[in-house]
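What follows is each chain in one-letter form.
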Amino acid sequence: MGDDKQNSNVLWAGRLTEKPSGEAFAFQASIAVDKRLARDDINGSRVHVMMLGKQGIIPAETAAKIDAELARIDEELAAGSLAIDPGAEDIHSFIEGLLTERLGDAGRMVHAGRSRNDQVAVDFKLYLKRIVPEIQKEFIAAINTLLDQADKHTESVMPGYTHLQRAQPVTLAHHLCAWCAALERDLGRFADALVRLDECPLGAGALAGTGLPLDREATAAALGFARPSLNSMDSVADRDFALELASDAAIAMTHLSRFCEDVVIWASEEFKFINVAESWSTGSSIMPQKKNPDFAELIRGKSGRTAGNLVTLLTLIKGLPYAYDKDLQEDKESLFDSLDTLTMCLRMFRGMMGSAVFNTEKMEAACTGGFLEATDAAEYLVCKGLPFRKAHEVSALIVRDCIAAGQKGIAGRTLAELKSHSELFEDDIYKAITPAACVAARRLPGGPAPEEVKRQIRILRERLEMISL
Ligand code: ARG
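All of these numbers come straight from a predicted model, not from anything done at the bench. The written sequence of each chain sets the order in which its residues are numbered from 1. Local features are withheld for residues below a pLDDT of 70 in this predicted model, meaning they are given only at 70 or higher, and side-chain atom pairs are given and counted only at 80 or more; totals for whole chains, interfaces and linings count all residues. Remark: hydrogens and water are excluded; side-chain values derive from all non-hydrogen atoms of the structure.

S.K.: Where do I start with the nonpolar core in this structure?
M.R.: Looking at soluble globular proteins, one finds that nonpolar side chains tend to be buried together. Only buried residues count toward a nonpolar core. Its members are Ala, Val, Leu, Ile, Met, Phe, Trp, Tyr and Cys residues joined through side-chain atoms within 4.5 Å. Accessibility here uses a 1.4 Å probe with only protein chains present; expressed as a share of the type maximum, an area under 20% marks a residue as buried, one over 50% as exposed, and anything in between as partly exposed. If you look at the biggest cluster of nonpolar residues, it comprises 98 residues, and the most contacted ones within it are Leu 128, Leu 256, Trp 266, Leu 342 and Phe 349. Helix and strand labels come from DSSP, where a helix needs a run of H or I of at least four residues and a strand needs a run of E of at least two; each type is numbered from the N terminus. The element best represented in this core is helix H11 (residues 240-267), accounting for 16 residues. Listed in part, the 17 residues of the second largest apolar core include Ala 377, Val 394, Ile 398 and Ile 410.

S.K.: What is the right way to look at empty space enclosed by the protein in this model?
M.R.: Gaps between atoms show up when a probe of the same size as a water molecule is rolled over them. Cavity: a set of points on a 1 Å grid over the protein atoms alone where a 1.4 Å probe fits but cannot get out. Pocket: an open set with protein on both sides within 12 Å along at least five of seven lines, its lining residues, like those of a cavity, having an atom within 4 Å of a point. Grid points are joined across faces, edges and corners, and a volume is the space filled by probe spheres set on the points. For the structure shown, the criterion picks out one cavity of 30 Å³ or more. Looking at the largest cavity, its volume works out to about 40 Å³. Lining of the largest cavity is provided by Asp 41, Ser 45, Leu 70, His 92, Ile 95, Glu 96, Leu 99, Val 110, Arg 114 and Gln 119. Among the elements of the structure, helix H4 (38-54) and helix H6 (91-103) are those that each provide at least two residues to the lining of the largest cavity. Looking at the lining of the largest cavity, the element that brings in the most residues is H6, giving four residues. Any residue that is not Ala, Val, Leu, Ile, Met, Phe, Trp, Tyr, Cys, Pro, Asp, Glu, Lys or Arg is counted as polar, Gly included; the first ten are nonpolar and the last four charged. Classifying every residue of the lining of the largest cavity gives four nonpolar, three polar and three charged.

S.K.: Would you mind showing me how to read the layout of surface pockets here?
M.R.: Empty space within the largest pocket amounts to approximately 840 Å³. Together, 33 residues line the largest pocket, and His 174, His 175, Ala 178, Trp 179 and Asp 262 are the ones closest to its centre. Within the residue set of the lining of the largest pocket, elements represented by two or more residues are strand S1 (157-162), strand S2 (165-171), helix H8 (172-196), H11 and helix H20 (450-465). When the residues that make up the lining of the largest pocket are grouped by side-chain class, the tally is 17 nonpolar, eight polar and eight charged. In this structure, the second largest pocket is lined by 18 residues; those nearest its centre are Ala 267, Ser 268, Glu 269, Lys 291 and Pro 293. Looking at the lining of the second largest pocket, the elements that each hand over two or more residues are H11 and strand S5 (274-275). Partitioning the lining of the second largest pocket into residue classes produces six nonpolar, six polar and six charged.

S.K.: Just checking my understanding: could you explain the confidence of the model for the protein for this structure?
M.R.: Caution applies to low-pLDDT regions: their predicted coordinates should not be interpreted in detail. For the protein, per-residue confidence averages 95 on the pLDDT scale, and 98% of positions sit at 70 or higher. Within a predicted model, pLDDT stands for the predictor's per-residue confidence, ranging from 0 to 100. Throughout, a contact is declared for two residues whenever any of their heavy atoms are within 4.5 Å. pLDDT under 50 marks residues 1-7. Its contacts with residues more than four places away, or in other chains, come to 12 contacts.

S.K.: What exactly am I supposed to notice about the pairing of S2 here?
M.R.: The side chains of a regular strand alternate, first on one face of the sheet and then on the other. Note: S1 against S2, six bridges, orientation antiparallel. Each bridged residue has a counterpart across the sheet, and for Thr 162 the counterpart in S2 is Gln 165. The hairpin turn running from S1 into S2, its antiparallel successor, is two residues long, and His 163 in that turn takes a positive phi close to 60 degrees. Strands are labelled as partners when DSSP assigns at least two bridges between them.

S.K.: Mind showing me how you'd approach the pattern of salt bridges here?
M.R.: If charged atoms from side chains of opposite charge come close, those side chains can pair. The salt bridge criterion pairs a side-chain nitrogen of Lys or Arg with a carboxyl oxygen of Asp or Glu, the two atoms within 4 Å. Evaluated as defined, the whole model comprises 31 salt bridges. Where Glu 244 meets Arg 196, a salt bridge forms, and the shortest distance between an N and an O atom there is 2.7 Å. On the criterion of sequence distance, the pair formed by Glu 244 in helix H11 and Arg 196 in helix H8 is long-range, its members being 48 residues apart. With a relative accessible area of 22%, Glu 244 lands in the partly exposed category.

S.K.: Looking at this structure, I do not really get the site of the ligand. What am I missing?
M.R.: Near, as used in this document, describes a residue that has one of its heavy atoms within 4 Å of the molecule or strand being considered. Near the ligand the following residues occur: Ser 30, Asp 34, Asp 90, His 92, Arg 116, Asn 117, Val 120, Tyr 324, Lys 326, Gln 329 and Lys 332. The definition of a polar contact used here is a pair of N or O atoms within 3.5 Å, where within protein one atom must be able to donate a hydrogen and the other to accept one, and adjacent residues in sequence count solely through side-chain atom pairs. Ser 30 places a side-chain nitrogen or oxygen 3.1 Å from a nitrogen atom of the ligand. For the ligand, an oxygen atom lies 2.6 Å from a polar atom in the side chain of Tyr 324. Its free accessible area being 340 Å², the ligand has 85% of it covered by the protein chains. In terms of residue count, the dominant contributor to the shell around the ligand is helix H7 (residues 116-152) (three residues). For the shell around the ligand, the per-class residue count stands at two nonpolar, four polar and five charged. Computed by Shrake-Rupley with a 1.4 Å probe, the accessible areas treat only the displayed protein chains as cover when residues are assessed.

S.K.: Just checking my understanding: could you explain the side chain of Glu 138 for this structure?
M.R.: When you line up the elements, Glu 138 lands in helix H7. At a separation of 2.7 Å, a polar atom in the side chain of Glu 138 contacts the side chain of Arg 347. Apart from the residues lying within four places of it in its own chain, the contact partners of Glu 138 are Thr 343, Leu 346, Arg 347 and Arg 350.

S.K.: Where do I start with helix H12 (residues 294-318) in this structure?
M.R.: What sets the pattern is the α-helix's 3.6 residues per turn: residues three or four places apart point alike. Helix span, expected: 1.5 Å multiplied by one less than the number of residues in the helix. For H12, which comprises 25 residues, the first-to-last C-alpha distance of 37 Å matches the rise-based estimate of 36 Å (1.5 Å per residue) to within 8%. Turning to H12, its buried residues number three or more, namely Ala 296, Ile 299, Ser 303, Thr 306, Asn 309, Leu 310, Leu 313, Leu 316 and Ile 317. Lining the buried residues of H12 we find H11 and helix H13 (331-355).

Take a look at the structure:
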């Protein structure tokens, strides 16, 4: 089975005389997935090696030499003058192999007191520490885009739905702020995950630490972690941070999926509440008239991947004996996919929503005909002293009269007809049950009244401004 070329720079060549053949070697390799950790692997190694020098574990000048070479490799990779070898086992062996190739024995000193088990955990965390703020920026941009639309529509009344049946009038801004509230929680979830993952596993070794006098406090601080991790076995076994972020991504994608479902419904001929821009739509290969909200549908569809990735990770980890198991190598592909998917979907969602035009006449017209004012008619009677349960019944009976008479709203009834159900009705009932009046009356905190939604928009903007990334 031996394949010398394939195995010439594997890190474990001393123990095994026979090595997996090409196909088997490729099966256990992870370079295709973990190559994106190159920068983080280099940063981790630079800090580790300088600490080794400082602690006298390797000569200080050798440490400086390795550090300089790592910096050079970093630059070459960034400039594209150095390519990552797709035949390497993983990013750790590729970088270390390169160091040895270029520096000989000096390169062979870098791994003292370290295992790929703590190395991969630190690389993964470093990557997430720099990528999660980028995702948070995408959330902020998406929320701001929705708030810009909300600003324009604090007075635009539309039906609010329960059971996808028209329920009560709200404003478009109120609906958009409902989405923003969900996205703002998502932002918070990502921030929380960053706090908990902020412990540096470097120095945990394979699982049991090392007898070499490493300075874990120093490497944790130099890499920008709050502290070294507490327990070396936990350090290499723990993937809670991946589970949390996969969960955060799945929840966020579930939100986007629901918003997109609204968009798809609103874009239908039957609703026509929204006009998705042509540049954010696609046509049909056979039906010439079609303009489809494909972007919204794809975002909705991609939410499935993120739910799947979360389940993959939970299943991957649930049966693993402590501490490290090679199964854990499978962790990155799922989380990378979830975070990539979320990033792209946030960008697409923002583009689609920012350019969308709302059909406010259609929305307002849809507030009439579905008896959306029935609750307000009942509350009118409550204000005049009728117990709510009775008021509810009176309003329901009036709705039944309207339906029997083919009338589309309570306003179609004469005052005498209304009074036949309750003497409490006066002329002012007609003003109280217009869609605008129904909305204006609901000005409690959280409600759809224009001035209240303006407050919600202001609070959301203030919260976003307080976030420093
Ligand atoms: N590529 C591996 C991973 O992603 C690195 C750790 C390998 N450790 C080991 N003992 N085989 O997990």
